[in-house]
Amino acid sequence: MTIWIRSCRALLGLAMLLSFSAPAAMFTPGVPCNGCDLEIFDHGGVIPTSKNAVFSVQNPQTPNGPAPYIELYNPTLAVIQDCAQKVQSVQGNPGSVMMRASEYTLAGSNQVVFLVNDCQLLAGPGPGPGPGPGPGPGPGPGPGPGPGPGPGPGPGPGPGPGPGPGPDSGSMAGDGSGG
């Protein structure tokens, strides 16, 4: 087997392993986050800090409770600006932002921030995927006018009048009960 084929197989195996990774734990305020899912569904504001590519989210509301603030960071300024804009968009509105993040200490300081690796805006009424937006507008106007007039007239009258009912068919007197 050539080295090229072995390399392709190794890369394919690695890709399969990474695609089946377990979901990360949900962020809980006050608990260390090393590869957690951080979801914010409301907050008191998003402001840039004096540090480049760091945005502070004031009083973020998360599914596991509020935090006083969270500082979001990504070394690529455009990535963190886009994420901060998504977080800003859910302030007082339906939906949430889900971020895959880890705690990270900025170089040259003791400031701990959340290094954001992925940031997605989720539609909906509040935290998490949840049950969805609720039932639809209703069943609609109905099924329609019905099945129609039917098959049409029958084959005509049946056989002739025949002998007819007996003389006692309409009374109880002739039922043979004796009384």
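Since the model is a prediction, treat every value here as computed from it, not as a measurement.

Conventions and cut-offs
- Residues numbered from 1 in each chain as written.
- Predicted model: local features only at pLDDT ≥ 70, side-chain atom pairs only at ≥ 80, totals over all residues.
- Heavy atoms only, no water.
- Helix = DSSP H or I, 4+ residues; strand = E, 2+ residues; numbered from the N terminus.
- Buried < 20%, exposed > 50% of the residue type's maximum accessible area, 1.4 Å probe, protein only.
- Contact = heavy atoms within 4.5 Å.
- Areas by Shrake-Rupley, 256 points an atom, 1.4 Å probe, with all protein chains shown as cover.
- Pairing = 2+ DSSP bridges.
- Phe/Tyr/Trp six-rings, centres within 6.5 Å; stacked < 30°, edge-to-face > 60°.
- Salt bridge = Lys/Arg side-chain N within 4 Å of Asp/Glu carboxyl O.
- Disulfide = S-S within 2.5 Å.
- Core = buried A, V, L, I, M, F, W, Y, C linked by side-chain atoms within 4.5 Å.

Quick word on the overall build of the chain
The helix and strand inventory of the chain stands at 2 helices and 8 strands. By the burial criterion, 25% of the 179 residues in the chain qualify as buried. Sequence-distant contacts in the chain: of pairs separated by 6 or more residues, those separated by 24 or more amount to 52%. Approximately 12200 Å² of the chain is accessible, and the part contributed by carbon and sulfur atoms is 62%.

As for the pairing of strand β3 (residues 54-58)
When you tally the buried positions in β3, you get 4 out of 5 residues, the bulk of the element. Inspection of the sheet shows strand β2 (residues 45-48) paired to β3 by 4 bridges, in the antiparallel sense. Residue pairing for β3: G45 is matched across the bridge by Q58. Between β2 and β3, which follow one another and run antiparallel, lie 5 residues, and A53 among them has a positive phi close to 65°. As judged from the 5 bridges shared by β3 and strand β6 (residues 69-73), these two strands associate in the antiparallel manner. If you follow F55 over to β6, its bridge partner there is L72.

Some points on the packing of aromatic side chains
What the rule picks out here adds up to 2 aromatic pairs. Their ring planes at 85° and their centres at 5.5 Å tell us that F27 and F114 sit as a pair that is edge-to-face. Note that F27 is positioned in the loop between α1 (3-19) and β1 (34-40) and F114 in strand β8 (residues 112-122), a separation of 87 residues in sequence. The same class applies to F27 and to F114, which are both buried.

With respect to the pattern of salt bridges
This structure, assessed with the given rule, holds 2 salt bridges. A salt bridge links D37 to R100, with the shortest nitrogen-to-oxygen separation between them at 2.7 Å. Here D37, found in strand β1, pairs with R100, found in strand β7 (residues 96-105); they are 63 residues apart in sequence, far enough to count as distant. By relative accessible area, D37 is classed as buried at 13%. A relative accessible area of 33% places R100 in the partly exposed class. With a closest N to O distance of 3.4 Å, K86 and D82 form a salt bridge.

So, the state of the cysteines
One pass over the full model with this rule turns up 2 disulfides. Here C33 is linked by a disulfide to C36, with a sulfur-sulfur distance of 1.8 Å. Taking the sign of the S-S torsion, about -95° here, the bridge from C33 to C36 comes out left-handed. Neither residue differs from the other here; C33 and C36 are each classed as buried. Covalently, C83 is tied to C119 through a disulfide, its sulfur atoms 2.2 Å apart. Taking the sign of the S-S torsion, 80° for the link of C83 and C119, the bridge is right-handed.

Let's talk about the nonpolar core
Counting 27 residues, the largest nonpolar core has L38, L72, V87, M99 and F114 as its most contacted members. Mapped onto this core, the elements with two or more residues apiece are β1, β3, β6, α2 (77-89), β7 and β8. Discounting residues that sit within four places of it in the chain, L38 has contacts with F27, T62, I70, L72, V97, M98, M99 and F114.

Some details on the side chain of Q111
Its place among the elements puts Q111 in the loop between β7 and β8. In this view, Q111 contacts K51, V54, E71, Y104, T105 and L106; residues no more than four positions away in its chain are not counted.

Overview of unusual backbone geometry
Even without being a glycine, A53 presents a positive backbone phi close to 65°. Examined against the element boundaries, A53 turns out to sit in the loop between β2 and β3. Relative accessible area serves as the criterion here: at 5%, A53 is assigned to the buried category. Phi angles above zero are rare outside glycine, and N59 is one such case at about 50°. You can see N59 is positioned in the loop between β3 and β4 (61-62).

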